[in-house]
Amino acid sequence: MTDPELLQASLASTDPGWLKEIHARHMRHKRKIKNRVIMVQTALLVLFFALWELAGRSKWIDVLLFSYPTKIFVSIWEDIISGEIWGHLGVTVGETAVGFLLGTLIGTLLAVLIWWSPFLNRVLDPYMVVFNSMPKVALGPIFIVMFGAGFTAIVVTTLSITVIVTTLVVYNSFSEVDSNLIKVVRTFGGTKSQVFKRVILPASFPAIVSTLKVNVGMAWVGVIVGEFLVAKSGLGYLIMYGFQVFNFTLVLSSLLIIAIVATAMYQMVVYIEKKLLSHR
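Residues numbered from 1 in each chain as written. Predicted model: local features only at pLDDT ≥ 70, side-chain atom pairs only at ≥ 80, totals over all residues. Heavy atoms only, no water.

**Topic: the packing of aromatic side chains**
Thought 1: Enumeration according to the criterion identifies 12 aromatic pairs in this entry.
Thought 2: Arranged with centres 5.5 Å apart and planes meeting at 65°, the rings of Phe 48 and Phe 49 form a pair that is edge-to-face.
Thought 3: Taking the relative accessible area as the measure of exposure, Phe 48 reaches 49% and is therefore partly exposed.
Thought 4: With centroids separated by 5.6 Å and ring planes inclined at 80°, the aromatic side chains of Phe 243 and Phe 248 adopt a geometry described as edge-to-face.
Thought 5: The class for Phe 248 is buried, based on a relative accessible area of 12%.
Thought 6: A connected cluster of aromatic rings, assembled from ring pairs, spans Phe 48, Phe 49, Trp 52 and Phe 73. (Phe/Tyr/Trp six-rings, centres within 6.5 Å; stacked < 30°, edge-to-face > 60°. Buried < 20%, exposed > 50% of the residue type's maximum accessible area, 1.4 Å probe, protein only.)

What follows is the structure, given as structure tokens:
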């Protein structure tokens, strides 16, 4: 044994808890860095709102267009007290949740299907690329005619974004799995379903879970675009209404609420991801 190995062995024999102490110091260091990051993020956010407030109060910016934070917060608080905001928020969050869950599920299943059939993959590949490159706003009127001006059209608009993104990300993850692992299973007589179950799916699980985080943003984009076109309620509707009546405080209030709720959804997905990956 070399000198470092002898030293490590002697430390392990004399103090069985030395590894735990090292791990504890490492975790304390990570928590300290995390706390610093949160502090800097909070400071930057407070500084941004403070400068915005100062610019608005001092007339450095056009208050009609950009408003200022206290005016926006007062507007949000009044809507919360009156209860007006809850109906719009519930509609948008419901549409986003449905589009998010269905988009992730359908996209993952489609990725499995085209991985299973290389022929189908070659057939669908150019269509998926073309459809992914199309502006979804242009498809909105078609969905309205097909499904009516309501919940279904908005969800379908959301699916047009989330499904293709999920399919491409998950399928690429399937394709990048180490081919040697697949050969090992094949060598021992494994079927295609066993290859998928034992190799492809476990190796791609982190990518599938990470796709959830991408789909949170994509779902919100799809819902807001859909509400711009057809909705009579929802946060997207409030934004369009604010533009029409030149109430930009309402517009910015709606955008701030969207940012807060979207961030909460994202953090929820991050929490689920950590739990799922820790129990793999």
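**Brief notes about the environment of Ile 258**
Thought 1: Looking at the secondary structure, you find Ile 258 in helix H12 (residues 248–278).
Thought 2: Ile 258 gets classed as buried once you look at its relative accessible area, which sits at 12%.
Thought 3: Taking the C-alpha atoms as reference points, Ile 258 and Ser 278, separated by 20 residues in sequence, lie 30 Å from one another.
Thought 4: Other than its neighbours up to four places away in sequence, Ile 258 contacts Trp 220, Ile 224, Leu 235 and Ile 239. (Helix = DSSP H or I, 4+ residues; strand = E, 2+ residues; numbered from the N terminus. Contact = heavy atoms within 4.5 Å.)

**A look at the packing of helix H5 (residues 84–116) against helix H6 (residues 118–133)**
Thought 1: Interaxial distance between H5 and H6 falls to 6 Å at its minimum, and their mutual angle equals 125°. Classified by the angle between their axes, H5 and H6 sit oblique to one another. Of H6, the residues touching H5 (which contributes Leu 113, Ile 114, Trp 115 and Trp 116) are Pro 118, Leu 120, Asn 121, Leu 124 and Met 128.
Thought 2: Here the contact of H5 with H6 is built from residues that sort into 8 nonpolar, 1 polar and no charged. (Axes fitted to C-alpha atoms, helices over the stretch in contact; angles between N-to-C directions. Parallel < 35°, antiparallel > 145°, perpendicular 65-115°, else oblique. Nonpolar A, V, L, I, M, F, W, Y, C, P; charged D, E, K, R; others polar.)

**Concerning the pattern of salt bridges**
Thought 1: Enumeration according to the criterion identifies 1 salt bridge in this entry.
Thought 2: Where Glu 53 meets Arg 57, a salt bridge forms, and the shortest distance between an N and an O atom there is 2.7 Å. In this pair, Glu 53 and Arg 57 are both assigned in helix H2 (residues 18–57), 4 residues apart and thus about one turn of the helix distant.
Thought 3: What makes Glu 53 buried here is its relative accessible area of 15%.
Thought 4: Of the residues examined, Arg 57 reaches a relative accessible area of 52% and is grouped as exposed. (Salt bridge = Lys/Arg side-chain N within 4 Å of Asp/Glu carboxyl O.)

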